[in-house]
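Letter by letter, the chains look like this.
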Amino acid sequence: MSRSSATHAIIDAALALPNEQRLAVLEAISQSLVDPSIDHGPVEDPSEVEASWDSEIARRLTAIESGQAVAIPAEEAERMIRGLATPSLSGRDTPRR
């Protein structure tokens, strides 16, 4: 997820505060995420969410079993995310030099 310059500025400003004030900012933001008076979008039916995930899992397994997709170990994926490796066509990572 990329951050906008405004987001960077807010984070930088918050991190520059003394711990007590940073805690106050954290509490205010945390409260805004759980406050029932704030509209956080539609609430989905848990059975619909579960059915959607079941469908997605089946789709991904089919892609792996058919060879359309290649599974890689989590450790390799983490190295790729950190820029320490690049994906290869074989599905295995290639270390960066």
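Residues numbered from 1 in each chain as written. Predicted model: local features only at pLDDT ≥ 70, side-chain atom pairs only at ≥ 80, totals over all residues. Heavy atoms only, no water.

Trainee: Can you lay out the overall build of the protein for me, pointing to particular residues and giving the numbers?
Mentor: A count of helical and extended segments in the protein gives four helices and two strands. Helices and strands in the protein line up, N terminus first, as α-α-α-α-β-β. Expressed as a percentage of its 97 residues, the buried residues of the protein come to 6%. Of the contacts formed within the protein by residues at least 6 apart in sequence, a portion of 0% connects residues at least 24 apart. When the accessible surface of the protein is split by element, carbon and sulfur atoms take 58% of a total near 8,500 Å². (Helix = DSSP H or I, 4+ residues; strand = E, 2+ residues; numbered from the N terminus. Buried < 20%, exposed > 50% of the residue type's maximum accessible area, 1.4 Å probe, protein only. Contact = heavy atoms within 4.5 Å. Areas by Shrake-Rupley, 256 points an atom, 1.4 Å probe, with all protein chains shown as cover.)

Trainee: Tell me about the pattern of salt bridges, and name the residues and values.
Mentor: According to the stated counting rule, one finds three salt bridges in the structure shown. Arginine 60 is the salt-bridge partner of glutamate 56, the closest N and O atoms lying 2.7 Å from each other. You can see glutamate 56 and its partner arginine 60 sitting in helix 3 (residues 46-66), four residues apart, about one turn around the helix. Among the salt bridges present, the one from arginine 82 reaches glutamate 78, with a minimum N-O distance of 3.8 Å. The class for arginine 82 is exposed, based on a relative accessible area of 60%. Of the residues examined, glutamate 78 reaches a relative accessible area of 41% and is grouped as partly exposed. What emerges from the salt-bridge pattern is a single network uniting Glu56, Arg59 and Arg60. (Salt bridge = Lys/Arg side-chain N within 4 Å of Asp/Glu carboxyl O.)

Trainee: Would you mind going over a nonpolar patch on the surface in detail, with residue names and values included?
Mentor: A cluster of nonpolar side chains, Val25, Ile29, Leu33 and Val34, forms an exposed patch at the surface whose accessible area comes to about 370 Å². Along the chain, the position of isoleucine 29 falls in helix 2 (residues 19-34). (Patch = residues over 30% accessible without salt bridge, like charges linked within 9 Å, V, L, I, M, F, W, Y side chains within 5 Å.)

Trainee: Tell me what's going on with the environment of alanine 69, and back it up with residues and numbers.
Mentor: Locating alanine 69 in the fold gives a position in the loop between helix 3 and helix 4 (74-81). If we ignore the near neighbours within four places in the chain, the residues touching alanine 69 are Ala63 and Ile64.

Trainee: Describe the environment of threonine 86, listing the residues and the values that go with them.
Mentor: Structurally, threonine 86 can be placed in strand 1 (residues 85-87). You can call threonine 86 partly exposed: its relative accessible area is 26%. In this structure the C-alpha to C-alpha distance between threonine 86 and glutamate 76, which are ten residues apart in sequence, comes to 9.2 Å.

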